[in-house]
Amino acid sequence: MTTSQDINHYHALEGRYDALRASELDQQLQQLLDTGADTIVLDLGDVTYVSSSALRVLLLAHRQASDEGSELVLTNIPQRVMRVLRMAGLDRVFGIRTV
Amino acid sequence: MATRLSAYLSLAALTLPGFLAVILGLVALGSAILFACWFRARKQYRDVLSLTGLSQQVLQTGMEPTSLYRVISAHMRRLTPHAALVVQIEPGRGQSRPLTIVEGGQVLDDSQYAEIGPGAYDWLKEHRQILVVPDFDRSPIEPLRLGGTPQSGLYIPLTVQDRFLGAISLQSPRRRSFGRRQQTPFAVSAEQIALGLDGARLYRKEQERSDQLMLIAEVSRKVAAILDLDTLFSDTVKLVADILGYYHASIFSLDRKQRIITMQASSNPAIQERGITVPWGTGLIGHAALGQVIVANDVRQDPRYLAHEALDRAAAEVALPLMVEDRVLGVLDLQSDRYGSFDEDEISILRILADQIAVAIEDSQIYRAQQEQSWVSTALLQVAEALAEESTLEEVAATVSRLAQLLTGVEHCTLLSYSAESDEFCLPVSGNAPGQPPSCMLRYPSEEIPALKRVAVSGTGISDPAALGPLARLWGNERENGHRMLAYPLAPRGSLMGVMLAQTPNSEDLPAPQRTILEGIARQAALAMDNAALLAAQREEAWVSTALLQVANVIASGSYDLDETVSTVVRLIPMLMGVSWCAILVREPEQHRYAGVASYGLTSNLQDLPATPLYSYDRLPWLDDLQQSNEIQTLDSPMDGSALGLEPADRGQIETLALALRAHQHDLGLLLVGAQLAAPALAGRRLTLLSGIASQASLAISATRLYEQAVRRERLEHEMNLAMDIQTSFLPECCPDVPGWRIAVEWRAARGVGGDYYDFVQLNTSQLGVSIADVSDKGVAAALYMALSRTVLRAAALDTRGPAATLERANRILLEDSRSGMFVSLVYGILDIEQGLYRFVRAGHNPPLLLRAADREILTLEPAGIVLGIVPDPALEEQTVELAPGDTLVLYTDGVTEAWNGDEQEFGINRLKQILLENCSLAPDGLIQRINEAVYEFVGNLPQADDYTMVVIQREPES
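To start, this report covers the structure provided alongside it. All of these numbers come straight from a predicted model, not from anything done at the bench. (Residues numbered from 1 in each chain as written. Chains lettered and ligands numbered in written order. Predicted model: local features only at pLDDT ≥ 70, side-chain atom pairs only at ≥ 80, totals over all residues. Heavy atoms only, no water.)

**Quick notes on the overall build of chain B**
Going by this rule: A run of H or I in DSSP becomes a helix once it reaches four residues, and a run of E becomes a strand once it reaches two; helices and strands are each numbered from the N terminus. Think of it in three bands: residues with accessible area under 20% of the maximum for their type are buried, residues over 50% are exposed, and the middle band is partly exposed, with areas taken using a 1.4 Å probe on protein chains only. The contact criterion used throughout is that any non-hydrogen atoms of two residues lie within 4.5 Å. Computed with a 1.4 Å probe, the accessible areas rest on the Shrake-Rupley method; for each residue, only the protein chains presented here act as cover.
Scanning chain B from N- to C-terminus turns up 20 helices and 32 strands. Residue burial in chain B is summarised as follows: out of 959 residues, 48% are buried. For chain B, the share of sequence-separated contacts (at least 6 apart) that also reach a separation of at least 24 residues comes to 62%. As displayed, chain B has an accessible area near 47300 Å², and 51% of this comes from carbon and sulfur atoms.

**Quick look at the sheet that holds strand E23 (residues 741-748) of chain B**
All names here are of chain B. Rules: Paired strands, in this sense, are two strands between which DSSP finds at least two bridges. Interaxial angle, 0 to 180 degrees, is taken between N-to-C directions of lines fitted to C-alpha atoms, where a helix line uses only the stretch in contact.
Judged by pairing direction, the sheet is antiparallel, and its 5 strands sit side by side in the order E23-E32-E31-E28-E29 without closing on themselves. Where the open sheet ends on each side, the last strands, each with one partner, are E23 and strand E29 (857-860). The sheet shows a mean angle of 15° between the axes of neighbouring strands, direction not considered. Here helix H19 (residues 908-918) sits on the sheet in contact with strand E28 (849-852), E29 and strand E31 (888-892), set at roughly 25° to E28. Sheet strands in contact with helix H20 (residues 924-939) are E23, E31 and strand E32 (948-955), and its direction is about 145° off that of E32.

**Some remarks on the sheet that holds strand E7 (residues 260-266) of chain B**
Residues and elements named next belong to chain B. Strand order in the open sheet formed by 6 strands is E8-E7-E6-E11-E10-E9, and the pairing between neighbours is antiparallel. Edge positions in the sheet fall to strand E8 (277-279) and strand E9 (294-296), since each has one partner strand and no second. Averaged over all neighbouring strand pairs, the angle between strand axes comes to 25°, with direction disregarded. Note that E9 and strand E10 (residues 316-324) share 3 bridges and pair antiparallel. Looking at the pairing, Val 295 lines up with Val 318 of E10.

**A look at the interface of chain B and chain A**
Formally: Accessible area, probed at 1.4 Å, shrinks when two parts are joined; the buried area is that loss added up over both. The term salt bridge refers to a pairing of a side-chain nitrogen on Lys or Arg with a carboxyl oxygen on Asp or Glu at a separation within 4 Å.
Counting residues at the interface gives 34 residues for chain B and 23 residues for chain A. Summing the contributions of chain B and of chain A, the shared interface buries around 2200 Å²; its carbon and sulfur component is 50%. On inspection of chain B and its partner chain A, the count reaches 1 salt bridge. In this structure, the salt-bridge partner of Arg 80 of chain A is Glu 906 of chain B, at a minimum N-O distance of 3.9 Å.

**Looking at the packing of aromatic side chains**
Residues and elements named next belong to chain B. Just so we agree on the cut-off: Aromatic rings from Phe, Tyr and Trp, with only the six-membered ring used for Trp, were paired whenever their centres fell within 6.5 Å, and each pair was classed as stacked if the ring planes differed by under 30 degrees, edge-to-face if by over 60, and tilted otherwise.
Counted under the stated rule, the structure contains 7 aromatic pairs over all chains. With 5.5 Å between their ring centres and 25° between their planes, Tyr 246 and Phe 342 make a pair best called stacked. Of this pair, Tyr 246 sits in the loop between helix H6 (229-244) and strand E6 (248-255) while Phe 342 sits in the loop between strand E11 (327-336) and helix H9 (344-388), placing them 96 residues apart in sequence. On the accessibility criterion, Phe 342 (2% relative accessible area) is buried. Plain terms: the ring middles of Tyr 594 and Tyr 617 are 5.5 Å apart, the flat faces sit at 65° to each other, and that makes the pair edge-to-face. Of the two residues, Tyr 594 is situated in strand E18 (residues 593-600) and Tyr 617 in the loop between strand E19 (614-616) and helix H14 (621-628); the sequence distance between them amounts to 23 residues.

**Re the pattern of salt bridges**
All names here are of chain B. For the structure on display, the rule yields 23 salt bridges over all chains. The residue Asp 135 makes a salt bridge to Arg 138 at a minimum N-O spacing of 3.7 Å. Look at Arg 138 and you get exposed, because its relative accessible area is 64%. Across the pair Arg 175 and Asp 135 runs a salt bridge whose closest N-O atoms are separated by 2.8 Å. With Arg 175 in the loop between strand E5 (163-172) and helix H5 (183-224) and Asp 135 in the loop between strand E3 (131-133) and strand E4 (152-160), the pair connects residues that are 40 residues apart, well separated along the chain. Take Asp 135: its relative accessible area is 8%, and that puts it in the buried class.

**Quick notes on the pairing of strand E2 (residues 39-50) of chain A**
Residue and element names in this part refer to chain A. Rule in force here: Looking down the strands as they point away from the viewer, one classifies a crossover as right-handed if the path from the first strand across the helix to the second runs clockwise.
Most of E2 is tucked away: 9 of the 12 residues are buried. Where strand E1 (residues 8-17) and E2 come together, 9 bridges link them in parallel fashion. The residue of E2 that forms the bridge with His 9 is Ile 40. Crossover E1 to E2 through helix H1 (residues 22-34) is right-handed. With 5 bridges joining them, E2 and strand E3 (residues 71-75) adopt parallel strand pairing. Directly across from Leu 42, in E3, lies its bridge partner Leu 74.

What follows is the structure, given as structure tokens:
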């Protein structure tokens, strides 16, 4: 883990994250976490769907980031995804950055 | 006379006494005459007898001087006394001195007594008459002074039929010793002596001729017996010089092409040693070579004569063409140390000798040609036999090299094989393992040696070392330009297989028979090469088949274990192909990478490493390029093993090849192979074999993977079935029977085991706990979490008062085991059966819908709340709704509203509401059926990722 400060890692997700793609998302996020960035910014602008499986992955990553002293931030969340987050009450869990 | 006698007789007859007297007188006279006649006749008879004997006696002397003197002297003494007798014989051709015999029996020194008498001999030769010198003092003729002083002389010419043979002189110390009357007997004697001499000379000549013929016959006989041409030449000149007694004899042969005449043998060892070459048409020999006998009886007079310092005594020379029919084979040259030695007789005899020699030469040449032919045949037979035993190109090359040197005397001979594929010539090395193509010690691209390619086409030899380019260094003697290089194309069936190169030992062309043999060897070599190639091809084919069979067997007999399969393949390839190293990278498309699973021949092999090396093809895109290639690719650094950290144990120049492993259109990975550049080229059948092995490996890897997948799927299915059984056992067997209420449920798991569940808990007689939940994720883990959360919820529900308190409690329990990151969204509420109230909380779940039958409207119930299992305080908000008779409460999971049609469209909450509104009069099961139909119509056959659950509760309408 890097000791340097204020490293932002920006990553854009795209497409439909249903249960079948959850493990793929998991690997992507794991790689991002492995970079040791202070802040990981996930751009969900091009995400069309987030399943509960995908949400779980996001939550896990969020928790791991918190545990490691960094932060996972969601940004550019489409309305459709936002609705899901709100429905699950997770809009209060994730750090959400408005653009 | 008769008339006169008859006249006398008639006269006598007139007077009888006179007649008688006459008769008597006549008788007396007649008697006297008769006596005188008898006496003369008797003397003449004696003289005739003596003279007849004389010619015989002279003849019998055979020209031998002493005997000749005795005969002539004895005869002359009988005729007349004399003081000195001198006989001088005209010299024959080829004789330089007259034969002079003097009284006293001695043949004296010719310088002193050159003639019978100064002036006399020439006079006699001119006049052919007897000359009497009565007194020398009064005569211009000088006597021959032999002690005394001769006073008179008699000179008699010796002639036969106008031919002057010589002269005899008699000298007397007295004047007038020889009277004119004595001339007749001398003349007759001279005639007899001359006849005798002529006879003797003829006889002698015949004798000589016969002797010479005998000698020639002897020479011819000996010459004819000699079959070897060199021996023939040297023996002939010796025989001719020794037996025929010439000063020098030599034989020349002709080279018409070079237009030179070369001495083959000389009777003089010094000349034999040094040799003579005569330009065409010069000298006596050069002229004779044109077909004419050239005679110079006095070489000083002949401008064509070419003097030789070793032959200073040469006086006469004859050059005889050695001819068979009209062909001149050579020249026989004879030299004599006597002028005028070669008269016509001699020449005609020598012509016979020349003809004999010519025939002998021809015979010898024919014999030699036959010998050579038979030798060539034998040699080629040996070559054929020797080559028939060789089965590899290297053996053929070695045998050809050895036999060519042995049989033709060439310094070097070697075979270069030719590859049309690479258009290069190759010097093969020996010692290849069977089944492997010959490797090249040296390679010569054909454009570097255009001359060699030309040879292949035209079949002509090369003699210019410059034209050979790098080949000139083949035998390390490029500086010696004297050698000739001969090249023969080897094209057994029309297509070029190689070239045979031979180097002559010196600048001379090879002799014809050796060239013939070399050509024969080349032909045989071509056939042997062809056979070897066919045999090698057969062997290789058999070997390839066997090798592939082995690979197939080994792979097939192994278990369906990927590691074992790839390990087997990487061990087999170096064994079968003689390559230095090989490695297998397996493609893992989900991770965008290749995994180095097995290798052989590396300093540290992949399977032995603590962690499998991974190569992302995002970073090494060429890996995936190779994967897409249908052909074997040769890799250049840095796109090779070193780029992947693969370090061959075998150091040296290594060529890396890559083959894509592919089966059933699936990209499985890469096979990398490294071969020493010096090793036999990976070409032709070996590449075919490599491809074959790669295909086998691909099939094996594919089969292994399919097997693994099948096993995994089977295991999963088994687990799933088990989990589903467990899960189904958790779920209520549909719906509790509640008076005044109609309840229906729909539950469908997306992948065997679902994350959704619903539950009914009878809290007391009037309260029914109703919940619907969706555990994050799917599958077994979700099912387990579902089981956990259901149990927790049930326990909490039974234990607590309100729905919020129940879920908060459940959340606390779930949070205690939050490592899985699992969470559950749910709606839990308590239905008051009698009052028709539903008091509920919504923990991050889809908002329930309340269908009000009276108003035909739908309420979306959306109190706040976070999913359980994530945060300590899910901030749940309780809400209570009242269900009037006919009202319907619809709980659902996102599997319903988020049913997906593959066109980026969800079924959606609005469609759901629409269906509910359209069918508000239907009972719950009817509603569910309509919703199912609508969803099914929307998504078609597309498999759904999410579980699909609905709980529909309707208060019975008042009838």
